[in-house]
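Listed below, chain by chain, are the residues.
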Amino acid sequence: MAKKARGSNEGDQPKKDTMKWTDHMDVVLLDALLEQQVNGNRVDGTFTSTAYNNVLKVCREELKYPFDKDHLKNHIKTLKNHFNTCHGLFKGLSGFVWSSTTKMFEAEPEVWNALFEAKPHAKKWRYTEIQNYDKLSDLFAKDRATGEGTMSAKEKVQQWEKEGSSSQFIDVDRQEEVRSESPDPLNPQFNSQSGNTTKNLKRKASTMDSRDKQVEMIQSSINNVAEAIREGNTLAEKGVEVLQKAQPRIYSEEEVYTELLKIGVPDSIVLEAFLFLVNGAQKMRVFFAIPSEKRYELLIKWMYPSTEH
């Protein structure tokens, strides 16, 4: 009972949002956000209070749910994180395309294999649906391209120290910015850390070239595979055309009968002419090889060699 009473006293405190968003709810939310973006209610990648109020109104009206701003902001953050994970993997890779039908990235098997060899963790994305990727891209792709600059150099160093040197690296051009944002080196508390920080910066900066080269090699490999596939498809199409031209045309019985009526064969002999042609494959090829205005004359000469018409 005491627990129940205590729970009732905490009724006014914020509760963790456990509501489940459906695909339809996501579409309503994303469309509303895109509308606010087009209307200019997003400044430097951040939606204004007006934008959130408008989106909140749309979601409440269309989804019949008492949303608040935290509902929207939390779910927008979740959607953006999921998009960044996928976008960061496929951005700039040739041969991949997101299908609005399957909701998945699609590519030739050879292109996937090249990616898996370079990044084994990417295997799950071959059969994973990514709903609303086009809308998410319109909303967050630009943030993804510029978002790295929104974090200060000092914040980057702190993040790298937590994550480990193998996961991130810094551009040497930003080392001065790091120093300018760091505490005064004359401060005794700074001296114990400055040596390690400088070494880490140099080590991380020195790995940039090798990482860039690795990315370029992966990109080049995938591009080569994609180009080879395109060339192979072109050759295959040309080969099919050559084979089709080399093989003689085979006419159906229906086509033969229709042609006999078209060239004016009398009803009294049309069946006889029909049987004459379908039982002689070579004569049928010759019959269709000559101009249509000459076919009746040739047919009569074949069927009645001693009779002039």
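Residues numbered from 1 in each chain as written. Predicted model: local features only at pLDDT ≥ 70, side-chain atom pairs only at ≥ 80, totals over all residues. Heavy atoms only, no water.

### Topic: the nonpolar core
Line of reasoning, step 1. Ranked by internal contacts, the top residues of the largest apolar core, which has 45 residues, are Leu29, Phe67, Phe90, Phe96, Phe105 and Leu115.
Line of reasoning, step 2. Residue assignment for this core shows that the elements contributing at least two residues are α2 (23-38), α3 (49-63), α4 (69-90), α5 (109-118), α6 (133-146) and α10 (208-246).
Line of reasoning, step 3. Not counting the four nearest positions on each side in its chain, Phe96 is found in contact with Phe90, Phe105, Glu106, Ala107, Val111, Trp112, Leu115 and Ile222.
Line of reasoning, step 4. Val265, Val270, Ile300 and Met303 belong to the second-largest nonpolar core, a separate cluster that totals 15 residues. (Core = buried A, V, L, I, M, F, W, Y, C linked by side-chain atoms within 4.5 Å. Buried < 20%, exposed > 50% of the residue type's maximum accessible area, 1.4 Å probe, protein only. Helix = DSSP H or I, 4+ residues; strand = E, 2+ residues; numbered from the N terminus. Contact = heavy atoms within 4.5 Å.)

### Some points on α4
Every α-helix winds through 3.6 residues per turn, so residues three or four apart in the chain are directed the same way.
Line of reasoning, step 1. Its 22 residues give α4 an end-to-end C-alpha distance of 31 Å, which sits within 8% of 32 Å, the value for a rise of 1.5 Å per residue.
Line of reasoning, step 2. Along α4, the positions that sit buried rather than exposed are His71, Leu72, His75, Ile76, Leu79, Phe83, Asn84, Cys86, His87, Leu89 and Phe90.
Line of reasoning, step 3. Of the residues flanking the start of α4, the one acting as N-cap is Asp68, its side-chain oxygen 3.1 Å from the backbone nitrogen of Asp70.
Line of reasoning, step 4. Looking one or two places after α4, you find Gly92, whose phi comes out positive at around 85 degrees. (Expected span 1.5 Å × (residues − 1). Polar contact = N/O pair within 3.5 Å; in protein donor to acceptor, adjacent residues only side chain to side chain.)

### Overview of the packing of helix α11 (residues 253-262) against helix α12 (residues 267-278)
Line of reasoning, step 1. The contact between α11 and α12 brings their axes to 10 Å, and the two run at 135 degrees. It follows from the interaxial angle that α11 and α12 lie oblique. Along this stretch, α11 crosses α12, giving a crossing that reads as right-handed. Taking contact as the criterion, the partners of Glu253, Val256, Tyr257, Leu260 and Leu261 in α11 are, on α12, Val270, Leu271, Ala273, Phe274, Leu277 and Val278.
Line of reasoning, step 2. For the contact of α11 with α12, the per-class residue count stands at 10 nonpolar, no polar and 1 charged. (Axes fitted to C-alpha atoms, helices over the stretch in contact; angles between N-to-C directions. Parallel < 35°, antiparallel > 145°, perpendicular 65-115°, else oblique. Left-handed = near helix turned anticlockwise from the far one by under 90°. Nonpolar A, V, L, I, M, F, W, Y, C, P; charged D, E, K, R; others polar.)

### Here we look at the packing of aromatic side chains
Line of reasoning, step 1. Per the stated rule, a full pass over the model turns up 16 aromatic pairs.
Line of reasoning, step 2. Pairing Phe105 with Tyr133 gives two aromatic rings, centres 5.1 Å apart and planes at 80 degrees, and the pair type is edge-to-face. Taken as a pair, Phe105 in strand β4 (residues 105-106) and Tyr133 in helix α6 lie far apart in primary sequence, 28 residues in all. For the residue pair Phe105 and Tyr133, the accessibility class agrees, reading buried in each case.
Line of reasoning, step 3. Here Phe276 and Trp302 contribute two aromatic rings whose centre-to-centre distance is 6.2 Å and whose plane-to-plane angle is 40 degrees, an arrangement assigned as tilted. Of this pair, Phe276 sits in helix α12 while Trp302 sits in helix α14 (residues 292-303); the two residues are 26 residues apart in sequence, bridging distant segments of the chain.
Line of reasoning, step 4. Looking at Phe276, the relative accessible area reads 26%, which means it is partly exposed.
Line of reasoning, step 5. Taking relative accessible area as the criterion, Trp302 reaches 23% and is therefore assigned partly exposed.
Line of reasoning, step 6. Aromatic ring contacts, followed pair by pair, group Phe83, Phe90, Phe96, Trp98, Phe105, Trp112, Phe116, Tyr133 and Phe140 into a single cluster. (Phe/Tyr/Trp six-rings, centres within 6.5 Å; stacked < 30°, edge-to-face > 60°.)

### As for the side chain of Ser99
Line of reasoning, step 1. For Ser99, the location among the structural elements is in the loop between β3 (97-98) and β4.
Line of reasoning, step 2. The exposure class assigned to Ser99 is buried, which follows from its relative accessible area of 13%.
Line of reasoning, step 3. In terms of polar contacts, Ser99 uses its side chain to reach the backbone amide nitrogen of Thr101, at 3.1 Å.
Line of reasoning, step 4. Discounting residues that sit within four places of it in the chain, Ser99 has contacts with Met104 and Glu106.

### As for the confidence of the model for the protein
Line of reasoning, step 1. The predicted model of the protein averages 75 in pLDDT, with 67% of residues at 70 or higher.
Line of reasoning, step 2. Summarising per-element confidence for the protein, the mean pLDDT is lowest in helix α1 (residues 2-9) (42) and highest in α2 (94).
Line of reasoning, step 3. Low confidence marks residues 1-16, where pLDDT is under 50. Its contacts with residues over four positions away, or in another chain, come to 0 contacts.
Line of reasoning, step 4. Taken together, the stretch residues 147-157 has pLDDT below 50 and engages in 15 contacts with residues farther than four places along the chain or on a different chain. (pLDDT = per-residue confidence, 0-100.)

### Points about the pattern of salt bridges
Line of reasoning, step 1. Applying the stated criterion across every chain yields a total of 4 salt bridges.
Line of reasoning, step 2. A salt bridge links Lys301 to Glu297; the nearest nitrogen and oxygen atoms lie 3.5 Å apart. With Lys301 and Glu297 both in helix α14 and 4 residues apart, the pair spans about one turn of that helix.
Line of reasoning, step 3. Classification of Lys301 by relative accessible area gives exposed; the value is 52%.
Line of reasoning, step 4. Linked by salt bridges that have partners in common, Glu259, Lys262 and Arg295 make up one network. (Salt bridge = Lys/Arg side-chain N within 4 Å of Asp/Glu carboxyl O.)

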